[in-house]
Amino acid sequence: MAPINLWRLTDDYLHLSGNSISQNSFHSRFTFLEYNTYTDLSVKNAALAVAPSVVSIIFSSGEEKFFWASGVVIECDNVNGAFVCVILTSASPLRLDAYKNCLPGKFKVEVILPGGDLCCGDIIAYDQHFNICAIEIESTAPLPTANLRCLDDSITFDGSSGHSSLEKKTFELRPHSNLFKVFPGDTLVALGRFHGESFEIMTAPGKFSVESCRLDCEELLRVNCITTKCGIGGPMINLYGEVVGINFYAQNCTPFLPTNVVCKWWEHLKRCREYDPPLLGIQVKRLFAAVVDKVEKIVREFPDISNGVIVEKVTPGSPAALAGICPNDVIVELGGKDVRSCLELFEMIWDKAGKRVDLVLLRASNSARLGLSMVVGAVHADQLHSWPLPEERDLW
């Protein structure tokens, strides 16, 4: 079966999925699935640690409320006696056909705090490529900020023995910040805050998955829990109560944008006020997540292989195509550094738009180890991801 393209889900797929439970899921709690009601002590402790930073968000146009979401407080500063807080959430409301041509200032944004207090919010930044949005509010009291933690999802593959192993590493995105090592099967928890009645925190625990995630987007990762639409934009957390991503919505899982991407975007935006994402023109998959027959061919030719990402597709005319990269190539180095995961590859090219980079790849078809050079492109408006949106139809 071909990978599900989460950017462009079709009516045929929706029909075949047979899922009709989310028609009103903007107004449904996560407990619409019974197993979200029963959580163990570790999940509860982690959720309670982050809960003071999780908010509910309502988007309105005129008198019409058209989108309900969740968000997480990441900054809170005392500015001239007022507490100014920054909340991260999804930019999906800005992409709805009926409203996407409106300026963000035309929206009314209401933020419901954990105790039920209501604040007016302003959209201060958004990115339609990563589908994330930053909202600013003023609070009468300081709000707790979430502890953000970046992910290390790489696994070293021992092709000669067929085993995989974990390696420790650190990544200094900010001072004293280490990556959280995540492995398939680890428990992560999607959080949201409901917008009605008691404004309760909502939890949906699940298992992190890469082996069969079938996501047609390298930036998104997946947990096999199920949420509702009002959880869009809420945090994905680990069992230490650390935010490892921002959640979106799908019928059979919860995709999330890793904190690595979110933090780089936000820090870059504060420095430069704009950002053009880099473009290679390839779809890649982690080496250990590829189908076994494809891995066998690679291991047969390169028995000592341990790292890399497999090129699934190459866009004609893209920088990768012009450089000579082909489907089934394995990228093992970029800029002299090992490439161990799709997320790591993304981080390596984050600020390389318009620049030349050197890479090394393995080509099993002719047993070659190739060194190539390419100029990284930039994503323009007409190349933005066409994220599916929960409008009248139940797309996500």
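Structure report, in brief. (Residues numbered from 1 in each chain as written. Predicted model: local features only at pLDDT ≥ 70, side-chain atom pairs only at ≥ 80, totals over all residues. Heavy atoms only, no water.)

**Quick word on the overall build of the chain**
So, point 1. A tally of helices and strands in the chain yields 6 helices and 24 strands.
So, point 2. Taking all 396 residues of the chain together, the buried fraction comes to 57%.
So, point 3. Pairs at least 24 apart in sequence give 67% of the contacts found in the chain among residues at least 6 apart.
So, point 4. Carbon together with sulfur atoms contributes 50% to the accessible area of the chain, which is approximately 17,600 Å² in total. (Helix = DSSP H or I, 4+ residues; strand = E, 2+ residues; numbered from the N terminus. Buried < 20%, exposed > 50% of the residue type's maximum accessible area, 1.4 Å probe, protein only. Contact = heavy atoms within 4.5 Å. Areas by Shrake-Rupley, 256 points an atom, 1.4 Å probe, with all protein chains shown as cover.)

**Quick notes on helix 3 (residues 259-272)**
So, point 1. Helix length check: helix 3 (14 residues) gives 19 Å between terminal C-alpha atoms against 20 Å at 1.5 Å per residue, within 8%.
So, point 2. Summarising burial for helix 3: 10 of the 14 residues are buried, a large majority.
So, point 3. Looking only at helix 3, the buried set comprises Thr259, Asn260, Val261, Val262, Cys263, Lys264, Trp265, Trp266, His268 and Leu269.
So, point 4. In the segment just after helix 3, arginine 273 is the residue with positive phi, at about 70°. (Expected span 1.5 Å × (residues − 1).)

**Digging into the pairing of strand 15 (residues 243-247)**
So, point 1. Across the 5 residues that make up strand 15, a large majority, 5, are buried.
So, point 2. Bridge count for strand 14 (residues 235-237) against strand 15 is 3 bridges, and the pairing is antiparallel. The partner of methionine 236 across the bridge, within strand 15, is glycine 245.
So, point 3. Linking two consecutive strands that pair antiparallel, namely strand 14 and strand 15, is a turn of 5 residues; a positive phi of about 75° is found at glycine 241 within it.
So, point 4. Note: strand 15 against strand 16 (residues 254-258), 3 bridges, orientation antiparallel. Its bridge partner lying in strand 16, asparagine 247 is registered against phenylalanine 256.
So, point 5. As consecutive antiparallel partners, strand 15 and strand 16 are separated by 6 residues. (Pairing = 2+ DSSP bridges.)

**Quick notes on the pairing of strand 22 (residues 356-363)**
So, point 1. For strand 22, the tally of buried residues reaches 6 of 8 residues, placing the bulk of the element in the interior.
So, point 2. With 4 bridges connecting them, strand 20 (residues 330-334) and strand 22 associate as antiparallel partners. In the strand pairing of strand 22, leucine 334 is matched with leucine 359.
So, point 3. Inspection of the sheet shows strand 22 paired to strand 23 (residues 368-375) by 8 bridges, in the antiparallel sense. Following the sheet pairing, arginine 363 is matched in strand 23 by alanine 368.
So, point 4. Between strand 22 and strand 23, which pair antiparallel and follow one another directly, the connecting turn spans 4 residues, one of which, serine 367, has a positive phi of 55°.

**Concerning the packing of aromatic side chains**
So, point 1. Throughout the structure, instances matching the rule amount to 9 aromatic pairs.
So, point 2. For the pair phenylalanine 26 and tryptophan 68, a centre-to-centre distance of 5.7 Å together with 45° between the ring planes defines the contact as tilted. Separated by 42 residues along the polypeptide, phenylalanine 26 in the loop between helix 1 (11-17) and helix 2 (41-50) and tryptophan 68 in strand 2 (residues 64-79) bring together distant segments of the chain. Grouping residues by exposure puts phenylalanine 26 and tryptophan 68 together as buried.
So, point 3. By the ring-pair criterion, three or more aromatic residues cluster together here, those being Phe26, Phe59, Phe67 and Trp68.
So, point 4. The aromatic ring of phenylalanine 26 is capped on one face by lysine 229, whose charged end is 5.8 Å from the ring centroid. (Phe/Tyr/Trp six-rings, centres within 6.5 Å; stacked < 30°, edge-to-face > 60°. Lys NZ or Arg CZ within 6 Å of the ring centre and 35° of its normal.)

**What to know about the side chain of threonine 39**
So, point 1. Tracing the sequence through the fold places threonine 39 in the loop between helix 1 and helix 2.
So, point 2. If sequence neighbours within four positions are ignored, threonine 39 has contacts with Lys44, Thr203 and Pro205.

**Thoughts on the packing of helix 3 against helix 6 (residues 342-349)**
So, point 1. At a minimum axis distance of 10 Å, the contact between helix 3 and helix 6 shows a crossing angle of 15°. On the basis of the axis angle, helix 3 is roughly parallel to helix 6. Of the two elements, helix 3 crosses helix 6, and the hand of that crossing is left-handed. Each of Asn260, Val261 and Lys264 in helix 3 lies in contact with helix 6, whose residues at this interface are Leu343, Phe346 and Glu347.
So, point 2. Of the residues assigned to the contact of helix 3 with helix 6, the class counts are 3 nonpolar, 1 polar and 2 charged. (Axes fitted to C-alpha atoms, helices over the stretch in contact; angles between N-to-C directions. Parallel < 35°, antiparallel > 145°, perpendicular 65-115°, else oblique. Left-handed = near helix turned anticlockwise from the far one by under 90°. Nonpolar A, V, L, I, M, F, W, Y, C, P; charged D, E, K, R; others polar.)

**Let's talk about the nonpolar core**
So, point 1. Among the nonpolar cores identified, the biggest contains 83 residues, and Ile135 and Trp265 are the most heavily contacted of them.
So, point 2. At 7 residues, the largest contribution of residues to this core is made by strand 2.
So, point 3. When residues no more than four places from it in sequence are discounted, the contact partners of tryptophan 265 are Leu88, Ala125, Tyr126, Asp127, Phe130, Ile132, Ala134, Tyr275 and Trp350. (Core = buried A, V, L, I, M, F, W, Y, C linked by side-chain atoms within 4.5 Å.)

**Section: the sheet that holds strand 4 (residues 108-112)**
So, point 1. With antiparallel pairing, 6 strands are arranged side by side around a closed barrel as 1-2-3-6-5-4. Along the sheet, successive strands turn relative to each other by an average axial angle of 40°, direction set aside.
So, point 2. The pairing of strand 1 (residues 54-61) with strand 4 spans 5 bridges and is antiparallel. Residue isoleucine 58 lies in a different strand from strand 4, and its bridge partner there is glutamate 110.
So, point 3. Where helix 3 meets the sheet, its contacts fall on strand 2, strand 3 (82-90), strand 5 (118-127) and strand 6 (132-139), and the angle it forms with strand 5 comes to roughly 90°.

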